[in-house]
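One letter stands for each residue in the lines below.
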Amino acid sequence: MIIKSVNLETVCGITSVLPENTRPEIAFAGKSNVGKSSLINALMNRKSYARISATPGKTQTINFYNINEELYLVDLPGYGYAKVSEQEKEKWGQLIERYLHGSSQLKAVFLLVDIRHEPSANDKMMYEWVVSQGYHPIIIATKLDKIKRSQVDKHLKMLRTGLSLVPGTKIIPFSSMTKQGRDEIWELVETEYL
Ligand SMILES: Nc1nc2c(ncn2[C@@H]2O[C@H](COP(=O)(O)OP(=O)(O)OP(=O)(O)O)[C@@H](O)[C@H]2O)c(=O)[nH]1
Ligand SMILES: [Mg+2]
């Protein structure tokens with residue numbers, strides 16, 4: 001994908017009305033701090049257009065990035081962030097649910113998990129819930145640069161087993177440091193979802 005323009009077009013909080021876009025939407029879900037906003041920056045060829053932070057809980061809204069007036073990359077708030085109240089967690093959960101359930105333009109859901117760790121209970125719940133909504137989430141194993149190359153296959157197996165992935169589910173290893181995996185993600189989006 002050649003990036004000609006990027007525009008943070010819509011920002012939705014818990015009380016917002018969600019947009020009724022007319023172009024395809026590609027959403028990125030995953031626990032807080034897993035690297036969703038960093039991935040979106042890499043896909044947009046921008047360093048810091050999407051706000052990122054070492055502190056979990058940075059993205060607290062659903063952000064719609066209009067790419068080339070052609071599609072939207074949708075940055076979802078992270079789940080499983082311990083420092084917010086249960087009430088707030090529930091509201092974010094409802095917002096994400098409202099979006100994933102209600103969008104008519106949502107073509108694909110990418111679920112990000114950290115390549116280093118066993119999937120958490122929240123990761124498993126999210127995966128199962130997205131599947132139950134009729135999507136076939138693509139898994140992105142983030143922070144690839146943090147493990148040795150010799151460990152990659154073992155970790156990908158750990159994710160596949162840990163999430164009980166539906167056979168045939170794609171896992172794409174990705175690093176926002178090296179940009180490894182970026183082209184593969186765009187290729188998949190362009191061939192399968194646009
Ligand atoms: N080494 C390494 N660090 C990464 C990678 N991706 C993200 N990070 C770091 O992880 C932290 C969180 O990244 P974000 O992109 O803000 O994560 P997020 O999933 O958007 O987090 P929330 O908005 O809180 O849900 C930042 O300090 C990033 O620099 C990666 O591929 N490799
Ligand atoms: Mg974020």
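Residues numbered from 1 in each chain as written. Chains lettered and ligands numbered in written order. Predicted model: local features only at pLDDT ≥ 70, side-chain atom pairs only at ≥ 80, totals over all residues. Heavy atoms only, no water.

**Q** Would you explain helix α2 (residues 86-102) in this entry?
**A** The first and last C-alpha atoms of α2 sit 24 Å apart over 17 residues, in line with the 24 Å expected at 1.5 Å per residue. Along α2, the residues classified as buried are W92, L95, I96, Y99 and L100. Here the buried residues of α2 occupy an arc of 125 degrees about the axis, which is enough to place them on one side. Of the exposed residues in α2, those oriented more than 90 degrees away from the buried face are E86, Q87, E90, H101 and G102. (Helix = DSSP H or I, 4+ residues; strand = E, 2+ residues; numbered from the N terminus. Expected span 1.5 Å × (residues − 1). Buried < 20%, exposed > 50% of the residue type's maximum accessible area, 1.4 Å probe, protein only. Arc of directions from axis to C-beta.)

**Q** Just to check I follow, could you spell out the sheet that holds strand β7 (residues 171-173) for this structure?
**A** Paired through backbone hydrogen bonds, the strands of a sheet run either parallel or antiparallel to each other. Within the open sheet, the 7 strands sit side by side as β1-β3-β4-β2-β5-β6-β7. Their pairing is mixed. The sheet terminates laterally at β1 (6-12) and β7, the two strands that pair on one side only. In this sheet, adjacent strand axes meet at a mean angle of 25 degrees when their direction is disregarded. Bridge count for β1 against strand β3 (residues 62-67) is 6 bridges, and the pairing is antiparallel. Within β3, the position partnered with C12 by the bridge is I62. (Pairing = 2+ DSSP bridges. Axes fitted to C-alpha atoms, helices over the stretch in contact; angles between N-to-C directions.)

**Q** Explain the nonpolar core to me, please; I cannot follow it from the model alone.
**A** Looking at soluble globular proteins, one finds that nonpolar side chains tend to be buried together. Ranked by internal contacts, the top residues of the largest apolar core, which has 34 residues, are I62, V74, L76, Y99, L100, M126 and I139. Where this core is concerned, the elements lending two or more residues are β2 (25-30), β3, β4 (71-75), α2, β5 (106-114), α3 (121-132), β6 (138-142) and α4 (152-162). Each residue touching M126, except ones within four places of it in the same chain, is listed here: A29, Y79, I96, L100 and L111. Within the second largest apolar cluster, 27 residues are counted, among which are L39, A50, I140 and Y193. (Core = buried A, V, L, I, M, F, W, Y, C linked by side-chain atoms within 4.5 Å. Contact = heavy atoms within 4.5 Å.)

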